[in-house]
Amino acid sequence: MDKNIISDRIQNITFSATLEMTRRSRELKAQGKDVINLSIGEPDFDTPDPVKEAAKRAVDNNITHYPPVAGFKELQEAIAHKLKRDNELDFAPDQIVVSNGAKQSLSNIFWSVLNPGDEVVLAAPYWVSYSDIIKLTGAVVVPVETTVEDDFKMKPEQLRAAITPKTKAVLFNSPSNPTGMVYSSSEIGALVSVLKDYPNVLVISDEIYEHINYTGMHVSIASFPEMQGRVAVVNGVSKCYAMTGWRIGYMAAPKFLVEACVKLQGQYTSGPGTISQMAALTAIQNPPHNSDYIHKMVRAFKERRDLLVEKLNEIPGLVSYVPEGAFYVFPDVSSYFGKKFGSCEINNTTDMSLYLLNEGLVAVAPGEAFGNDRCIRISYATSTDLLEIAMERIKDALAKLHE
Ligand code: PMP
Ligand code: GLU
């Protein structure tokens, strides 16, 4: 059959670079190669026991029928309570939609508000899937370039310059994937003072790394009085409860947007899996400031970050910095561009990632997919022992490159 039956829409997007590098590293592992995968953002911890117990109870109690499209009422209530408890946000339970991961929450929002030609402003580098989901809708990504020198943070004047009459939404992500940078309250306040001049621009705030924050302070842009009624907050259980495979994310938003997302989700996937929802309920009911589990995990991530930053600083030609949250670092490797290994020349971050995978047996994600073709993303959500070995391999592989 002619493979061109695939729609233009799908032909025009790319495979998720993070998932693609993970696929390649699994493939090499299956061939017996000892690859260390630092390309995916996924905690190496196990889901907490009480959460697993809740899932088992759900099965035993036959909570296995179609759920309501927006999620179980108890879960919506627990999320509304969490948003008040942790973020000082006032959302009613019926302003929450639970989805198949935060990825689907974002996708629901994009499809619900974007028409072809609309613009979405976001700081670059940005998480890989934003740009491709936005592209699918026919809308346009307007990246605001940030660099390691300015802490990878969008400045208010850059935001103002990027907004046009076509801007439908501004997407905000702190702690950030891929840079790990965290916006302070005053930095968010400065962006808010620009956004308040554009009351019809929707603000989408992806807060999935909320608890993986070494500054000790997460501020939601939705908590600013000027932002009331115009922010869609996206969050989920994947990262801070080590529940990536359970696929539960959620959004909290103005009622009109919730209705649109429920309409879409009801036609598209229905509500997310009942067993996962019951597991997420137990996770979300557990206040993170009282949770030994989250403290332990965040402490471990911070130690790994310190180790990684130290090791990166030992590699000549890399430009690194100290990330403040999430579990990624995004060093600039561009001083190696133009160098060779045998006949293979490294000219961009995809070349570099493939070289590190094939020669160094370490999978990282190419910055190109994140809208910055000078840096690579290294995830440190893996054990200290493996990180030490991986960094030695990266150092050795880079040292083999020649003019
Ligand atoms: N937003 C960001 C910034 C992410 O890094 C991820 C990671 N997958 C997601 C959203 C989606 O998370 P999930 O679908 O696992 O809830
Ligand atoms: N968000 C994670 C990452 O950036 C998981 C993979 C994905 O969904 O892209 O690696």
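Data block above holds the structure.
Cut-offs and rules
- Counting from 1, residues in each chain are numbered in the order their sequence is written.
- Here chains are named by letter from A upward and ligands by number from 1 upward, in the order in which they appear as written.
- Predicted model: local features are reported for residues with pLDDT of at least 70 only, side-chain atom pairs are reported and counted for 80 or more only, and whole-chain, interface and lining totals are derived from all residues.
- Only hydrogens and water are removed before side-chain values are computed, so all heavy atoms of the structure are retained for them.
- If even one non-hydrogen atom of a residue comes within 4 Å of a molecule or strand, that residue is called near it.
- Two N or O atoms form a polar contact when they lie within 3.5 Å of each other; inside protein one atom must be a possible hydrogen donor and the other a possible acceptor, and for residues adjacent in sequence the pair counts only when both atoms belong to side chains.
- Surface exposure here means Shrake-Rupley accessible area, sampled with a 1.4 Å probe, where a residue is shielded only by the protein chains that are shown.
- Every definition here rests on a 1 Å grid over the protein atoms only: cavities are sets of points where a 1.4 Å probe fits but cannot get out, pockets are open sets enclosed by protein on both sides within 12 Å along at least five of seven lines, and lining residues have some atom within 4 Å of a point.
- Put plainly, a molecule is in a cavity or pocket when over half of its atoms are within 2 Å of the grid points there.
- We call Asp, Glu, Lys and Arg charged. Ala, Val, Leu, Ile, Met, Phe, Trp, Tyr, Cys and Pro are nonpolar, and the rest, Gly among them, are polar.
- Note: two strands are recorded as paired if DSSP finds a minimum of 2 bridges between them.
- Only DSSP runs of H or I covering at least 4 residues are called helices, and only runs of E covering at least 2 are called strands; the numbering of each starts at the N terminus.
- Each axis is a line fitted through C-alpha atoms, taken for helices only over the stretch in contact, and angles between the N-to-C directions span 0 to 180 degrees.
- Between two residues, a contact is recorded if the distance between any of their heavy atoms is within 4.5 Å.
- The rule is short: rings of Phe, Tyr and Trp, with Trp giving its six-membered ring, pair when the centres are within 6.5 Å, and they are stacked under 30 degrees, edge-to-face over 60, tilted in between.
- Under the scheme applied here, a residue whose accessible area is under 20% of the maximum for its type counts as buried, over 50% as exposed, and between as partly exposed, the area being computed with a 1.4 Å probe on protein chains only.
- Placement of a positive charge over a ring is assigned whenever Lys NZ or Arg CZ falls within 6 Å of the ring centre and within 35 degrees of the normal to the ring plane.

Observations regarding the site of ligand 2
Around ligand 2 sit S16, T18, L19, I40, G41, K103, W127, N177, K239, Y328 and R377, and that is every residue in its neighbourhood. The separation between an oxygen atom of ligand 2 and a polar main-chain atom of G41 is 2.8 Å. Contact distances for ligand 2 include 3.2 Å between a nitrogen atom and a side-chain N or O atom of K239. Coverage of ligand 2 by the protein chains reaches 88% of its 280 Å² of free accessible surface. More than half of the atoms belonging to ligand 2 lie within 2 Å of the grid points that define the second largest pocket. Broken down by class, the residue content of the shell around ligand 2 amounts to four nonpolar, four polar and three charged.

Remarks on the sheet that holds strand β3 (residues 119-124)
Across the sheet, which stays open at both edges, the seven strands sit in the order β2-β8-β7-β6-β5-β3-β4 with mixed pairing between neighbours. Edge positions in the open sheet fall to β2 (96-99) and β4 (140-145), since each of these has one partner strand only. In this sheet, adjacent strand axes meet at a mean angle of 20 degrees when their direction is disregarded. Relative to strand β5 (residues 167-173), β3 runs parallel, the two sharing four bridges. Paired with E119 across the strands is T167, a residue of β5. Helix α4 (residues 73-87) rests against β2, β7 (231-236) and β8 (249-252) of the sheet, and its axis sits at about 115 degrees to β2.

Observations regarding the packing of aromatic side chains
Counted by the stated rule, this structure contains eleven aromatic pairs. Ring geometry for F152 versus F330: centroids 5.9 Å apart, planes at 70 degrees, classification edge-to-face. Note that F152 is positioned in the loop between β4 and α7 (156-162) and F330 in the loop between β9 (328-329) and β10 (340-341), a separation of 178 residues in sequence. For F152, a relative accessible area of 5% puts it in the buried group. Here F330 and F370 contribute two aromatic rings whose centre-to-centre distance is 6.0 Å and whose plane-to-plane angle is 70 degrees, an arrangement assigned as edge-to-face. Taken together, the positions of F330 in the loop between β9 and β10 and F370 in the loop between β13 (365-366) and β14 (376-379) put the pair 40 residues apart, joining distant regions of the chain. Neither F330 nor F370 differs from the other in exposure class; each is buried. By the ring-pair criterion, three or more aromatic residues cluster together here, those being F45, Y209, F301, F327 and Y328. The ring centre of Y183 lies 5.9 Å from the NZ or CZ of K153, which sits over that ring.

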